[in-house]
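An overview of the molecular structure
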Amino acid sequence: MNEYIEGSSKELMALAEKNQSIYLTATPFPHITFHDFFNTSYLDLILKEFPDLSKKKTISHNNTREIKYGSKGELFFGKETKKLMHFLNSEPFLNFLQKLTGIKEQLIPDPHFSGGGQHEIKKGGLLKIHVDFNKHPETSLDRRINVLVYLNKDWQKSFGGYLELWNNDMSECGAKILPIFNTLTVFSTTDFSYHGHPDSLNCPEDRSRKSLALYYYSNGRPAEETNTRNVQHGTLFKPRKGNKNDSKAFSFSNYSVSDILIEILPPIVIKSIKRMVGKK
């Protein structure tokens, strides 16, 4: 097909059709993981280009619910990374996702990689269980699909960093995915798709959890995927039932005024506030 994935567009569509029922019936919500999805030699180039995001002017978070780094659009993409990310936003891959997920509304990529792109988590970092922002901050399109590409060679189970998928009442983890090299995970994004890696990363100091993230949208979505009125919201975190670490992390005393505003205001409002502050 191309240098990224072996096979033709027809074979890619056959893979989607073969796995659609697996995706749709997965618990606790629709998802699937493919191992060795990309050409290994090409993905090696992507890993080689991956920068140390902690040393860049990145989007960073450091609070009790998330400690991580993220790129800003294509700013830190190397030549090969840019080519791969553009392919993952192209018609052949969109057709693959459309067939795989069974989504009837036309999927729309995000060439700006808002909230996506390169993600990195260092030792001690985490991302508590949450549902994602539900609408694109600029276009207000409905967010439907997350695609994650993991880039972590020789990753040990003892390092942690599993992607965990939780049921709606946060009583049980329904699936755990180790973020090993050349793993592609696809899952539906709704108001009930709780996910994250909630416990501190335990990798060596010279290692980190690296991934590429892409999000896909549509104009409209089924009502059953939303809480009541499909009101635009930001990332919504939720503690696991009976977990002492989460109880501490989610205690009111750990929330600043800005934290609270981020929780309750739509992303587009937060972005407007940041722009106004930046002009001063």
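Before going into details, it helps to say that this report is about the structure given with it. (Residues numbered from 1 in each chain as written. Predicted model: local features only at pLDDT ≥ 70, side-chain atom pairs only at ≥ 80, totals over all residues. Heavy atoms only, no water.)

Let us now look at helix α1 (residues 9-25). Between its terminal C-alpha atoms α1 stretches 25 Å, which fits the 24 Å expected from 17 residues at 1.5 Å a residue. Within α1, the axis deviates most sharply at N19, by approximately 45 degrees. For α1, the set of buried residues is L12, A16, N19 and Y23. Summarising the contacts, the buried residues of α1 are in contact with β1 (31-35), α4 (91-101), β6 (142-150) and β9 (183-188). (Helix = DSSP H or I, 4+ residues; strand = E, 2+ residues; numbered from the N terminus. Expected span 1.5 Å × (residues − 1). Bend = angle between axes of the 7 residues up to and from the residue. Buried < 20%, exposed > 50% of the residue type's maximum accessible area, 1.4 Å probe, protein only. Contact = heavy atoms within 4.5 Å.)

Its place among the elements puts R144 in strand β6. Here R144 falls in the buried class, since its relative accessible area comes to 3%. Polar side-chain contacts of R144 include one of 3.3 Å to the side chain of E225. (Polar contact = N/O pair within 3.5 Å; in protein donor to acceptor, adjacent residues only side chain to side chain.)

With an omega dihedral of 10 degrees, the bond running from T27 to P28 counts as a cis peptide bond. Inspection of the secondary structure puts P28 in the loop between α1 and β1. One non-glycine residue, F113, lies in the positive phi region at around 55 degrees. Overall, the relative accessible area of 5% leaves F113 in the buried class. Even without being glycine, S140 reaches a positive phi, approximately 65 degrees. By the secondary structure assignment, S140 is in the loop between β5 (126-131) and β6.

This paragraph deals with the nonpolar core. Core analysis: the biggest nonpolar cluster contains 38 residues, and L84 and Y216 have the highest contact counts within it. When contributions to this core are tallied by element, the ones reaching two or more residues are α1, β1, α2 (40-49), α3 (79-88), α4, β6, β9 and β11 (209-218). Residue contributions to this core peak at 5 residues, all from α4. Counting 13 residues, the second largest nonpolar core, distinct from the first, contains L141, L148, L165 and F187. (Core = buried A, V, L, I, M, F, W, Y, C linked by side-chain atoms within 4.5 Å.)

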